[in-house]
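Here is what each chain is made of, one letter per residue.
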Amino acid sequence: MSLYNYPEYYDVAFSYRDVDLECDFIEKKASLFGLCENSAMLDIACGTGSHLEQLLRRGYEVDGFDISPSMVDFAKKKVDNACFDSHIWVDNMVAFENNRKYGVAINLLTGFNYLLKNEDALAHLGRVADALESGGIYIVELNHPRDFITNRPSTANTWVESRGQIEVEVDWDHGRTDVDVLTHQTESSPHIVVKDGGRKLTVDMQDRYRIYLYQEMILMIQCNGCFELVDARGSFKLDNPLDNSRDSWRMILVLRRK
Ligand SMILES: C[S@@+](CC[C@H](N)C(=O)[O-])C[C@H]1O[C@@H](n2cnc3c(N)ncnc32)[C@H](O)[C@@H]1O
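Counting restarts for each chain: residues are numbered from 1 in the order of the written sequence. Where local features are concerned, this predicted model is filtered to residues with pLDDT of at least 70; where side-chain atom pairs are given and counted, the filter is 80 or more; whole-chain, interface and lining totals use all residues. Side-chain calculation: all heavy atoms of the structure are included, whereas hydrogens and water are not.

## Points about the sheet that holds strand β10 (residues 199–204)
Then comes step 1: Note on pairing: DSSP must find at least two bridges between two strands before they are called paired. Think of it this way: any DSSP run of H or I at least four residues long counts as a helix, any run of E at least two long counts as a strand, and we number them from the N terminus. Sheet architecture is open: four strands sit in the order β6-β7-β9-β10, paired in antiparallel fashion. Since the sheet does not close on itself, it has two edges, and those belong to β6 (158–163) and β10, each with one partner. Each adjacent strand pair in this sheet contributes to an overall mean axis angle of 15 degrees, direction not counted.
Then comes step 2: Relative to β10, strand β9 (residues 191–196) is paired through six bridges, and the arrangement is antiparallel. For Ile192, the partnering residue across the bridge sits in β10 and is Val203. For every element, the axis is a line fit to its C-alpha atoms; helices are fit only across the contacting stretch, and the angle between N-to-C directions ranges from 0 to 180 degrees.

Below is the structure:
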């Protein structure tokens, strides 16, 4: 069972995010480092499509895909209900198919960490490079490196969010194993309790992902050869550097297609 099979509850669980601020970041970095203002965008591992929809509202052409059919159905409905046009499809970011070129690609909230092996990450970067126009940018949001190499995590991993009659209580790091020293993968069993009116649902996920540190990302980018790293930030505040301060709590990389 996975929270990704319950997109409505995923959407509530992660509603603490400031989607407006995050989209401001995407727009500003795109115009600073990327192509012309009206480039088409691709939301990779788009989940429930919150950023996709917000960027459509701002006048961009935006497509997206996700490996989870439930997430894709939900994102499509969200976009249809708002009367926007967008191609949203089920696909795997390791080997996705696209039939147009984009000026901007985004991969938010640690979707990149589901690329478990070096070969997957390199194949993915190759696919993104093919999907982007020359000069296009790829914005990737990962965990802050300190989350894995210190005992001072940057984020609280238990929280409660609600919307209307739905309340979602999340223990995201429940049962987290140590990072495997050979594969750099870690496993956890996120425990989620949903109260929806009179209904109660418990979701116990099995989640496996790969950690990526900053220097490792630099090597991945060099190995792939199609991108240059043009910016690294510690949050979606535009000028927040990636460093070891408390204000720096994510690792957000901006790659530019050569
Ligand atoms: C933490 S969610 C982030 C979703 C969205 N980017 C957001 O900001 O809310 C991770 C997403 O990655 C998707 N995912 C996992 N592995 C994938 C893969 N190989 N290809 C495409 N999507 C994948 C999951 O289905 C899930 O929707």
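## Description of the sheet that holds strand β3 (residues 88–90)
Then comes step 1: Spatial ordering of the open sheet is given by β3-β2-β1-β4-β5-β13-β12, a layout of seven strands whose pairing is mixed. In this open sheet, the two edge strands, each paired with only one partner strand, are β3 and β12 (227–233). The sheet shows a mean angle of 20 degrees between the axes of neighbouring strands, direction not considered.
Then comes step 2: For strand β2 (residues 62–66) and β3, the ladder comprises three bridges, and the chain directions are parallel. Each bridged residue has a counterpart across the sheet, and for Phe65 the counterpart in β3 is Trp89.
Then comes step 3: Should any heavy atoms of two residues lie within 4.5 Å, those residues are counted as being in contact. The strands touched by helix α3 (residues 50–57) within the sheet are β1 (41–44), β2, β3 and β4 (102–107), with β2 carrying the most contacts at an inclination of about 175 degrees.

## Side note on the site of the ligand
Then comes step 1: Residue proximity to a molecule or strand is established when one non-hydrogen atom of the residue lies within 4 Å of it. Around the ligand sit 16 residues in total, of which Tyr10, Arg17, Ala45, Asp66 and Met93 are the nearest.
Then comes step 2: A distance of 2.6 Å is found between an oxygen atom of the ligand and a side-chain nitrogen or oxygen belonging to Asp66.
Then comes step 3: Whenever a nitrogen or oxygen atom comes within 3.5 Å of another N or O atom, the pair is scored as a polar contact, on the condition that within protein one atom can donate a hydrogen and the other can accept it, and that pairs from neighbouring residues in sequence are kept only if both atoms are in side chains. The separation between a nitrogen atom of the ligand and a polar main-chain atom of Ile67 is 3.2 Å.
Then comes step 4: Across the complex, the protein chains shield 94% of the 600 Å² of accessible surface that the ligand would expose by itself.
Then comes step 5: Counted by class, the shell around the ligand contains ten nonpolar, three polar and three charged residues. For the area figures, the Shrake-Rupley method with a 1.4 Å probe applies, and any residue is considered shielded solely by the protein chains shown. When residues are sorted by character, Ala, Val, Leu, Ile, Met, Phe, Trp, Tyr, Cys and Pro go into the nonpolar class, Asp, Glu, Lys and Arg into the charged class, and all the rest, Gly among them, into the polar class.

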